[in-house]
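Here are the chains, one letter per residue:
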Amino acid sequence: MTTAQTPELDVQPTPLALLLLGREADPRSERGVECPGDLPSPSDPDLVARARAAKEKLGDKVFVLGHHYQRDEVIQFADVTGDSFKLARDAAARPEAEYIVFCGVHFMAESADILTSDDQKVVLPDLAAGCSMADMATAEQVAECWDVLTEAGVAEQVVPVSYMNSSADIKAFTGKHGGTICTSSNAQRALEWAFEQGEKVLFLPDQHLGRNTAVRDLGMSLEDCVLYNPHKPNGGLTAEQLRDAKMILWRGHCSVHGRFSLDSVNDVRERIPGVNVLVHPECRHEVVAAADYVGSTEYIIKALEAAPAGSKWAIGTELNLVRRLANRFAPEGKEIVFLDKTVCFCSTMNRIDLPHLVWTLESLAEGNLVNRIEVDQETEAFAKLALERMLALP
């Protein structure tokens, strides 16, 4: 996680500023990777021109995807912007592009490789751009969880539903066990489908999206949900708890959205009378319950587009996007602030900086394939099955 000062959004730094915009590494939680060549210096005044020249040289052979949470210096070179699933589908719709450069994080590039043709090559400018949430559920841990469910006599009743923010291995597990993938936009439809197939859902890996969707959208109670902790024997649950539960939530969360608190909501309402609080469903349940509006990244953008001039908004999502939206809608008189006074960027997302993008594009333009993300055939087949089930949802 990284913190930074953003005066225009009234955000102050904290002692947790351990990683400056992703330029340092935490070997305990991130993939430490050295580029096989020398990165350009961040101070190189020609970086923008070099990126443009390399991209122009590649022409239609390259298609650059930019996630909403990316830095402005990178997003300017994206052919399309969006959330992870939209971008993966956009890549699949461009079969003429030999190279898909995904300015996002590792699981997103995996999804793009799964959905694109075998002739297309997906590239991640920095292999250390991972996702802490996705890393909170490993294939071994989930296999052990399924054994626990089997021993409790409930596995046959359980349908796995995995958030898009998961590794290819977890998507494959989901497909193999009759489940589906969901995004923050269609989580309700995915859960409704799952409960038509079975009596219980194992929701991976984001507990907050699972809990918020079950309680807020499906009308369940918090007592219907139990939390499976992969670091405790039997997930920290008894067989009776597993038998009584409807939602078995994996103990995972987004390191950015999980930082917002009820105090954040109360404080911004006190500071800005009449403010509308709009948060992502990856936030904690008490934050979602206290907000005025809740929705995915695309929902947040559309809500602000439709908002009347002069309205005030406090947004609970990643700071790069909030700042971009604040600048975009300022001429319309819309006041947009970050929900909390302190914030951590998505540090691994911020690893995709301009030097890494320039190095990637120049390498490809010279005929050198770098940092390819490739999912093995068996994993891809089962993961694609889970994704196709999602695409078939009504």
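Scoring rules and cut-offs
Residues numbered from 1 in each chain as written. Predicted model: local features only at pLDDT ≥ 70, side-chain atom pairs only at ≥ 80, totals over all residues. Heavy atoms only, no water. Helix = DSSP H or I, 4+ residues; strand = E, 2+ residues; numbered from the N terminus. Polar contact = N/O pair within 3.5 Å; in protein donor to acceptor, adjacent residues only side chain to side chain. Contact = heavy atoms within 4.5 Å. Salt bridge = Lys/Arg side-chain N within 4 Å of Asp/Glu carboxyl O. Buried < 20%, exposed > 50% of the residue type's maximum accessible area, 1.4 Å probe, protein only. Expected span 1.5 Å × (residues − 1). Arc of directions from axis to C-beta. Pairing = 2+ DSSP bridges. Axes fitted to C-alpha atoms, helices over the stretch in contact; angles between N-to-C directions.

Participant: Looking at this model, I keep getting lost on the side chain of K334. Mind explaining?
Facilitator: Positionally, K334 belongs in the loop between helix 13 (319-329) and strand 14 (335-338). Of note is the side chain of K334, whose polar atom sits 2.7 Å from the backbone oxygen of L304. Residue contacts for K334: discarding those within four places in its chain leaves L304, E305, A307, P308, A309, G310, S311 and F329.

Participant: Please explain the pattern of salt bridges as it appears in this structure.
Facilitator: Working definition: two side chains of opposite charge can pair if their charged atoms are close together. Per the counting criterion, the structure on display carries 15 salt bridges. K61 is paired through a salt bridge with E98; the nearest N and O atoms lie 3.8 Å apart. Pair noted here: K61 is in the loop between helix 1 (47-58) and strand 2 (62-67) and E98 is in the loop between helix 3 (84-92) and strand 4 (99-103), with a separation of 37 residues, a long-range link. The exposure class assigned to K61 is partly exposed, which follows from its relative accessible area of 39%. Its salt-bridge partner being D267, residue R271 comes within 2.7 Å of it at the nearest N-O pair. Placement of both R271 and D267 in helix 10 (residues 262-271) is noted, with a separation of 4 residues, approximately one turn of the helix. Overall, D267 belongs to the partly exposed group, its relative accessible area being 27%. Through salt bridges with shared partners, one network takes in D44, R50 and E362.

Participant: Sorry if this is basic, but what is going on with helix 1 here?
Facilitator: Side chains three or four residues apart in an α-helix point the same way, a direct result of the helix having 3.6 residues per turn. The terminal C-alpha atoms of helix 1 lie 17 Å apart, and with 12 residues this matches the ideal 16 Å at 1.5 Å per residue to within 8%. All of the buried residues along helix 1 are L47, A51, A54, K55 and L58. The buried residues of helix 1 all sit within an arc of 100° when viewed along its axis, so they share a single face. Seen from the open side of helix 1, the exposed residues pointing more than 90 degrees away from its buried face are R52, E56 and K57. Among the residues trailing helix 1, G59 stands out with phi positive, at a value near 60°.

Participant: Please clarify how the sheet that holds strand 5 (residues 121-123) should be interpreted in this entry.
Facilitator: In any sheet, the strands associate via hydrogen bonds between backbone groups, in a parallel or an antiparallel arrangement. Across the sheet, which stays open at both edges, the 5 strands sit in the order 3-2-4-5-16 with mixed pairing between neighbours. At either margin of the open sheet sits one strand with a lone partner, and together these are strand 3 (80-82) and strand 16 (372-373). Summarising the sheet, strand 5 and strand 16 pair through 2 bridges and their orientation is antiparallel. Following the sheet pairing, V123 is matched in strand 16 by R372. Packing of helix 14 (residues 354-365) onto the sheet brings it into contact with strand 2, strand 4 and strand 5, and relative to strand 4 it is tilted by some 175°.

Participant: Would you mind showing me how to read the pairing of strand 2 here?
Facilitator: One face of the sheet, then the other: side chains in a regular strand alternate in exactly this way. Within strand 2, 6 of the 6 residues are buried, which leaves the element mostly enclosed by the surrounding structure. Of the two faces of strand 2, the one holding V62, V64 and G66 and the one holding F63, L65 and H67 are both buried throughout. In terms of strand pairing, strand 2 meets strand 4 through 5 bridges, oriented parallel. The residue of strand 4 that forms the bridge with V62 is Y99. Sheet analysis places strand 2 next to strand 3, joined by 3 bridges and oriented parallel. The partner of L65 across the bridge, within strand 3, is V80.

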